[in-house]
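Below are the chains, spelled out letter by letter.
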Protein chains: 2
Amino acid sequence: VAAAPLPDEFSLIARYFAPLAEGRAGAEGLTDDAAFLTLDPAQELVVTADALVAGVHFLSQDPPALVARKALRVNLSDLAAKGARPLAYFMTAAFPPGVDEAWLAAFCSGLAADQAEYGVALMGGDTTSTPGPLTLSITALGQVPRGRALKRRAAKAGDAVVVSGTLGDAALGLLALRGGLAGLTAAAQEHLIDRYHLPRPRTELGPMLAEAGIAHAAIDVSDGLVADLGHICETSGLGAEVETGRLPLSTAAAAAVDGRPDLMTKVLTGGDDYEILFTVPPAGLDAVADLSRRLDLPLTVIGRMTAGGGVRVVGADGSEIALDSAGYRHF
Amino acid sequence: VAAAPLPDEFSLIARYFAPLAEGRAGAEGLTDDAAFLTLDPAQELVVTADALVAGVHFLSQDPPALVARKALRVNLSDLAAKGARPLAYFMTAAFPPGVDEAWLAAFCSGLAADQAEYGVALMGGDTTSTPGPLTLSITALGQVPRGRALKRRAAKAGDAVVVSGTLGDAALGLLALRGGLAGLTAAAQEHLIDRYHLPRPRTELGPMLAEAGIAHAAIDVSDGLVADLGHICETSGLGAEVETGRLPLSTAAAAAVDGRPDLMTKVLTGGDDYEILFTVPPAGLDAVADLSRRLDLPLTVIGRMTAGGGVRVVGADGSEIALDSAGYRHF
C-alpha cells in the first residue's frame, strides 16, 4: 500500500514541528530562518551533533516514537557526558516516500514526550524529501559552568574508571530482536530490547559530576566500552585496564552471558549503552558512592587508568582477553 | 568502476575533518563528543540548520568542492539574513558506497576554501554510512548584538522592499545546465551556472544592516522571491507589492528573459538566489544607498509593504501577474 504523500514543507512544519517549539522564546514558532538564544555568561555552550540513518542506526520498522526518542536521547547523552544540561535541539530530517502523516504524528509524539522528560525544546531545523532511507540529524545545545566541562583528554594515571548503570543490554537487545537469544525468558528479552530501543541518557549524573568537580575525564558509551575507553586513553595519552568480573550487568544480561560466555564480547564492544564512563581520582570515590545513592543509579568501578597505552581487558581468572574488534565502525 | 571503500570513521575524521577544526579552541581537534564555546555576553547566539540531499539539492555529478561550498554557504546566508556574523558550524554527513577518498579530499578542500573566505571553522559533527543518496546536514552558529537580530516578523506597512545583488541567476543556471538556454552565449550560460553552483552569501551586508539598525525585517531568498517575501508578509501580518520592472537582473539573466519573457517566472519563483530581501522604512533609504556604495553591491528597491495580505506582483505594464507556484516546495 503506497503511503499518502506528505503535505508541503510549510504545512508540515506548522502542523507537526511548530508545536514542539511552542512557548520557547527565540524559536520564533519555527517561522524564521534561524533561532535566537541569549546565554548565561557564567556558562559555556556545549554543542554536539549526530546523524541516524534507517537501516544503519535503527530498523525502518521500528516504532516511529522510539526512533524519535532514540535520536534525541543519543544527543542528550553526549551533552550529559560533557557535564552539560540540555538547552535546545535542531533537527534536519530527510523523509522518503514511505513516510506518511501517521508516521510523522507518532514520531513527533515521541519527541514531545522526551522534551517534557528532559526539559528541552526543538528550536529549528529543516525538512526535505529523499529517495533514500530516512535520515535524521540532530544538533543539541547545552551549557556547563565555565571551566567545568568533562573532556575525554583529562584522565590522569591512577584514576579509577567508573561506569554508570549496566553494560551490554542494548547490544544483547539487538541480538534478541534478531532471534539470537531464544533461550532467555520473554521478560529478559523484553528488558534488553527496550534498552536497545530507548537509551537512558544520564542527564542528571553528568552535570552533577561536572558541577561538583568529581570526575576528570568522561565519555558516553556509544561505540562500545573498549572503544570508548580507548578514546579516553588516546586523548589523555594513557592506558587503561578493566576487569570483566567487575562489569555491571543487568539480571537479563547476566542470564544471557551465563548461558553463553562468548556474549561477554557484546558487553565489551557492543555499544549503544549510553551510560557515562568517567575517571575519578581515588580520593573522589566517596563522592561517587554518595552520588550513586542520591541518584539511585549504580556507579561501578570497573578498572583504572595506567601510564601505558591502549585498553587491557582482564578476565575473571586474571588472564588478558584479546578482542578482534574494539567496537562498531562505519565503512 | 567501484570506488575503493572509505577508511573507518575515526581515520576519516582524523585525516579529512580534523584539519578543518585546527587551531580552534573548544573544537578539541574533533576528538571529543562535543565542542565548547564561550560567547560574548553582549551578543545573542543565532542558530540555523539545513539539509542537502544528492539528487534533490544538488546533482550527484556536481564537483565535490562546489557541493561542500554550497552546503556551507546556504547556512551562512541564513545567518547573514538575520544580521549574524558566523562563528562555527557542525556537519553530519551520510556517505553512500560511491564516495571515495578522492571525492572526500575535494569536498574538504571546498570547505577549507570557504572557511578561509568567511572566517568560520568546523567544530564538530558525525559521519556515517548510508545505502541512499549522499546527505549532508549543517548547523551554523553566529552572533548578533543583543536585540539587533533581523526577524521575518518585523516588517512595517509602508516599508520599502529591498533586495541585494541580482535575482534569477541560479534558477536560470539550473535551466542552462539542463540545456534549456541554448540560445544564450556560452559566457552568459557560464555566469548563470556558476551562480547556481556557488551562492554568494551576503555575510557583510546582513550584519551591517543589523548593527546600524537600518532594516526592519529580513530573509534570504532561497525558496524564491515571491515565496520568501510571502514569509515576511505572513509573519508580519502584512502584504507586499513588487514590480517586475524593478527586479535587478544580471546581464545574462536579462538576455535570457528578453528572449523568452516567460522566464520572468524563474526570476520571481525560482529560488536559490541567496540574496538578502529586507524591508526598510522610507527614512532609511539614504543609508541603504550609502551601504550599497560602501559594499559595491546593488541594493534595489523592488516594492513596498502594504496593509493587505499576500504578495502582489505587478508587470511592467502595471497589470497584476498571476503565478501558479510561489516557489519550490518539497513533497
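Everything that follows concerns the structure shown earlier in this document.
Residues numbered from 1 in each chain as written. Chains lettered and ligands numbered in written order. Predicted model: local features only at pLDDT ≥ 70, side-chain atom pairs only at ≥ 80, totals over all residues. Heavy atoms only, no water.

Peer 1: How would you sum up the sheet that holds strand 3 (residues 85-95) of chain B? Please name residues and give values.
Peer 2: An order of 1(A)-2(B)-5(B)-3(B)-4(B) is seen for the five strands of this open sheet, with the pairing classed as mixed. Across the chains shown, the open sheet's two edge strands, defined by having one partner strand only, are strand 1 (35-37) of chain A together with strand 4 (121-129) of chain B. Along the sheet, successive strands turn relative to each other by an average axial angle of 20°, direction set aside. Two strands pair when backbone bridges link them, and strand 3 of chain B and strand 4 of chain B are joined in this way by eight bridges, in the parallel orientation. The residue bridging Ala88(B) from the neighbouring strand is Ala121(B), located in strand 4 of chain B. Docked against the sheet, helix 2 (residues 64-81) of chain B engages strand 2 (43-53), strand 3 and strand 5 (135-145) of chain B, running at close to 145° with respect to strand 2 of chain B. The strands touched by helix 3 (residues 101-118) of chain B within the sheet are strand 3, strand 4 and strand 5 of chain B, with strand 3 of chain B carrying the most contacts at an inclination of about 170°. (Pairing = 2+ DSSP bridges. Helix = DSSP H or I, 4+ residues; strand = E, 2+ residues; numbered from the N terminus. Axes fitted to C-alpha atoms, helices over the stretch in contact; angles between N-to-C directions. Contact = heavy atoms within 4.5 Å.)

Peer 1: Can you break down the packing of aromatic side chains residue by residue, with the values?
Peer 2: Tallied over the entire structure, the rule returns four aromatic pairs over all chains. For the ring pair Trp103(A) and Phe107(A), a centre distance of 5.1 Å and an interplane angle of 20° mean the geometry is stacked. Taken as a pair, Trp103(A) and Phe107(A) lie in helix 3 (residues 101-118) at a separation of four residues, close to a single helical turn. Aromatic rings pair up to connect Phe95(A), Trp103(A) and Phe107(A) into one cluster. In this structure, Lys70(A) is placed above the aromatic ring of Tyr196(A), and the distance from its NZ or CZ to the ring centre is 4.1 Å. In this structure, Lys151(B) packs its charged tip against the face of Phe36(A), placed 4.6 Å from the ring centre. (Phe/Tyr/Trp six-rings, centres within 6.5 Å; stacked < 30°, edge-to-face > 60°. Lys NZ or Arg CZ within 6 Å of the ring centre and 35° of its normal.)

Peer 1: Just give me the short version of the pattern of salt bridges, but keep the residues and values in it.
Peer 2: Evaluation of the coordinates by the stated rule reveals 44 salt bridges over all chains. Two residues, Glu211(A) and Arg85(A), come together in a salt bridge whose shortest N-O distance is 3.0 Å. Of this pair, Glu211(A) sits in helix 6 (residues 205-211) while Arg85(A) sits in strand 3 (residues 85-95), placing them 126 residues apart in sequence. The class of Glu211(A) is partly exposed, set by a relative accessible area of 33%. Put simply, Glu101(B) and Arg15(B) hold a salt bridge, and the shortest N to O gap is 2.9 Å. Pair noted here: Glu101(B) is in helix 3 and Arg15(B) is in helix 1 (residues 9-17), with a separation of 86 residues, a long-range link. Each of Asp32(A), Asp33(A), Lys82(B) and Arg152(B) takes part in one network of salt bridges that share partners. (Salt bridge = Lys/Arg side-chain N within 4 Å of Asp/Glu carboxyl O. Buried < 20%, exposed > 50% of the residue type's maximum accessible area, 1.4 Å probe, protein only.)

In short, the description is geometric, and any link to function would need to be established separately.
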